[in-house]
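Examination of the molecular architecture
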Amino acid sequence: MASLCEGGNEPPDSLKAISKNIKSRRLRWAGHVARMGESRNAYSVLVGRPEGKRPLGRPRHRWEDNIKMDLREVGYDGRDWINLAQDRDQWRAYVRAAMNLRVP
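None of the values given here were measured: they were computed from a predicted structure. (Residues numbered from 1 in each chain as written. Predicted model: local features only at pLDDT ≥ 70, side-chain atom pairs only at ≥ 80, totals over all residues. Heavy atoms only, no water.)

Here we come to the overall build of the protein chain. Assigned secondary structure in the protein chain consists of five helices and zero strands. Every one of the 104 residues in the protein chain was classed for burial, and the buried ones make up 29%. For the protein chain, the computed accessible surface area is about 8,000 Å², with 50% contributed by carbon and sulfur atoms. (Helix = DSSP H or I, 4+ residues; strand = E, 2+ residues; numbered from the N terminus. Buried < 20%, exposed > 50% of the residue type's maximum accessible area, 1.4 Å probe, protein only. Areas by Shrake-Rupley, 256 points an atom, 1.4 Å probe, with all protein chains shown as cover.)

The next thing to look at is the pattern of salt bridges. Close approach of charged atoms allows side chains of opposite charge to pair. Tallying each qualifying case throughout the model produces six salt bridges. Residue Glu73 is joined to Lys23 by a salt bridge in which the shortest nitrogen-to-oxygen separation is 2.7 Å. Residue Glu73 is located in helix H3 (residues 63-73), and its partner Lys23 is located in helix H1 (residues 13-34); the two are separated by 50 residues in the primary sequence. Relative accessible area serves as the criterion here: at 41%, Glu73 is assigned to the partly exposed category. Overall, the relative accessible area of 13% leaves Lys23 in the buried class. Its salt-bridge partner being Arg62, residue Asp65 comes within 2.8 Å of it at the nearest N-O pair. Look at Arg62 and you get partly exposed, because its relative accessible area is 28%. (Salt bridge = Lys/Arg side-chain N within 4 Å of Asp/Glu carboxyl O.)

With that out of the way, let us pick up a nonpolar patch on the surface. A contiguous nonpolar patch, built from Leu15, Ile18 and Ile22 and spanning about 270 Å² of accessible area, is present on the exposed surface. As for its position among the elements, Ile18 is in helix H1. (Patch = residues over 30% accessible without salt bridge, like charges linked within 9 Å, V, L, I, M, F, W, Y side chains within 5 Å.)

The following block contains the structure:
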């Protein structure tokens, strides 16, 4: 089994492919859910804020935070990704860009 340490700090190609696949599928799913509308449960889970007290320490990453990070990596610096997802062609271009991303 190949480790991350073999050949320097560069992860193996299989890990790069898995990372690209996860990012593109996450973006594809987020676009699908964003187009569902605010009344659907999946939408509220994706963009909702949990109620109650949060635990001590660093805040956990939410799905929405990961989606914003993925979009930043492919060159989208806008804040409202939900409106971007309404345009299927433009959203699909970002999903494809995530699939072709050069993962360090």
